[in-house]
Amino acid sequence: MPSSARTTRRLGARLQLAEYVAGVLAADRAILSQAITLIESDLPADAELGMQLLEALIPHIAKSRRLGISGAPGVGKSTFIDALGIHITRGLGERVAVLSVDPSSPISRGSILGDKTRMARLAADERAFIRPSPAAGQLGGVAPRTREAILLCEAAGYRNIFIETVGVGQSETTVHAICDFFLLLVLPGAGDELQMIKRGIMEMIDGIVVNKADGDNRAQAERARAEYATALHLLPGYGGWTPRVALCSSLEATDIPEIWQMMLDHEAQLESSGRSAERRALGNLQWMRELISGGLSEIFNSVPSISELTPQLEDDVRRGRITPHAASRRLLKAFQSGR
Ligand SMILES: Nc1nc2c(ncn2[C@@H]2O[C@H](COP(=O)(O)OP(=O)(O)OP(=O)(O)O)[C@@H](O)[C@H]2O)c(=O)[nH]1
Ligand SMILES: [Mg+2]
């Protein structure tokens, strides 16, 4: 390595493109992590280098299993991923990458630390790569660059990629578009969550795990499973797949092989019905549209008259002096004449 590269690494600055490429392809976890930091950066110079890196890696990207794991805070997502990850690495000899998305709230500072300790066994396994990323205020429940991070992990040869997100209602659409299998973790007392699921996200779910089905919770968990199964049964399913419900104690690592088998069954079913490629294709389409929306708002906000007008109009909307509709029309008009 040239001495200049050593210096930049020591300073925590950027590496050369070739170093990133070689490091990611060699599955060097430190460099993979730095590569994700690069693609998460908003600095223009990083954006350019990040783009070059992705382009250089595209020919090496192999299809992985992308598993989205969502659920309310504290339901046990990290503990579950630790147990499932260990089953896959130690039990099956395959590699696992975990991208856990942190909602960047004050509470979440604890949760990043919590994630590290709750995935302690997996973190110590050399076949695993764990990377928390801030969600940076995105409603999607995914980090702004989760898709790019997935591609980097795929280029590094991770066959299984888990994406841990906190379920916030709306997040599921995006997570669903990114993943091949969307798993929702719930607690034994079904109630509220069942209502939420019925209202909006039922169609997104490929499987439900009733977690913490241990000790005194077991009987209640059984009842919850029956309720969820009834609700899921009303769905038409797709590609010949009907979502399933499983019980699990992540703490005691029970039923983990069965839950992994559920994903494999789903994979086989969607492959045979041709829906697997379709789901990826739709996800890519959504990604392109999101990139266009993002690009358009950048162009919009870079017009001087817009940056001048926006703070005042936002304040007026907040105070109810102008309707959101009228404010948006004024801004769009200013945009059209300002270009
Ligand atoms: N009894 C029991 N406790 C569990 C189980 N799974 C997780 N827990 C506990 O529940 C708490 C939260 O677990 P986490 O794995 O951090 O939950 P999480 O969903 O990742 O939480 P956030 O990332 O903060 O949203 C911890 O105290 C775990 O030990 C389980 O199967 N049974
Ligand atoms: Mg967690």
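Every value quoted in this text rests on a predicted model; they were computed, and no experiment measured them. (Residues numbered from 1 in each chain as written. Chains lettered and ligands numbered in written order. Predicted model: local features only at pLDDT ≥ 70, side-chain atom pairs only at ≥ 80, totals over all residues.)

The next subject is the overall build of the protein. A tally of regular secondary structure across the protein gives 15 helices and seven strands. Expressed as a percentage of its 339 residues, the buried residues of the protein come to 37%. For the protein, the proportion of contacts with a sequence separation of at least 24, taken over those separated by at least 6, is 73%. (Helix = DSSP H or I, 4+ residues; strand = E, 2+ residues; numbered from the N terminus. Buried ≥ 20, exposed ≤ 12 C-beta atoms within 10 Å, placed from the backbone. Contact = placed C-beta atoms within 7 Å.)

Our next topic: the packing of helix α5 (residues 77–91) against helix α12 (residues 256–273). Axis separation between α5 and α12 bottoms out at 10 Å; the angle between their running directions is 80 degrees. Comparing their axes, α12 and α5 come out roughly perpendicular. Of the residues in α12, those in contact with Ala 83, Leu 84, His 87 and Ile 88 of α5 are Ile 256, Pro 257, Ile 259 and Trp 260. (Axes fitted to C-alpha atoms, helices over the stretch in contact; angles between N-to-C directions. Parallel < 35°, antiparallel > 145°, perpendicular 65-115°, else oblique.)

Close contacts around ligand 1 come from 19 residues, with Pro 73, Gly 76, Lys 77, Ser 78 and Thr 79 the closest. Every element with two or more residues in the shell around ligand 1 is listed here: α5 and α6 (106–118). The dominant element in the shell around ligand 1, judged by the number of residues it contributes, is α6, at four residues. Class assignment of the residues belonging to the shell around ligand 1 gives a composition of four nonpolar, ten polar and five charged. (Near = placed C-beta within 6 Å. Nonpolar A, V, L, I, M, F, W, Y, C, P; charged D, E, K, R; others polar.)

Attention shifts here to the environment of Gly 215. As for its placement among the helices and strands, Gly 215 is situated in the loop between β6 (207–210) and α11 (218–233). You can call Gly 215 exposed: it has 9 C-beta atoms within 10 Å. For the pair Gly 215 and Ser 249, spaced 34 residues apart in sequence, the C-alpha separation works out to 9.4 Å.

A few words now on the packing of helix α3 (residues 29–40) against helix α8 (residues 146–155). Running from N to C, α3 and α8 point in directions that differ by 155 degrees, and their axes come no closer than 10 Å. As summarised for this structure, α3 and α8 are arranged roughly antiparallel, according to the angle between their axes. Read as a crossing pair, α3 and α8 show a hand that is right-handed. Two secondary-structure elements touch here, α3 through Leu 32, Ala 35, Ile 36 and Ile 39 and α8 through Glu 148, Ala 149 and Leu 152. (Left-handed = near helix turned anticlockwise from the far one by under 90°.)

One non-glycine residue, Lys 212, adopts positive backbone phi at about 60 degrees. Mapped onto the elements of the fold, Lys 212 is located in the loop between β6 and α11. The class of Lys 212 is buried, set by 26 C-beta atoms lying within 10 Å.

We now examine α11. With 16 residues, α11 ought to run about 22 Å at 1.5 Å a step, and its terminal C-alpha atoms sit 22 Å apart, in line with that. When we look at burial in α11, the residues that qualify are Ala 221, Ala 224, Arg 225 and Tyr 228. Considered in projection along α11, the buried side chains sweep an arc of 110 degrees and stay on one side of the axis. Exposed positions of α11 whose direction lies more than 90 degrees from the buried face are Ala 219, Ala 226, Thr 230 and His 233. (Expected span 1.5 Å × (residues − 1). Arc of directions from axis to C-beta.)

Of all seven residues that make up strand β4 (residues 160–166), seven are buried, and the element is covered over most of its length. Here β4 shows two buried faces, one formed by Asn 160, Phe 162, Glu 164 and Val 166 and the other by Ile 161, Ile 163 and Thr 165. Bridging between strand β1 (residues 65–71) and β4 involves seven bridges; their strand directions are parallel. Of the residues in β4, the one forming a bridge with Gly 68 is Ile 163. (Pairing = 2+ DSSP bridges.)

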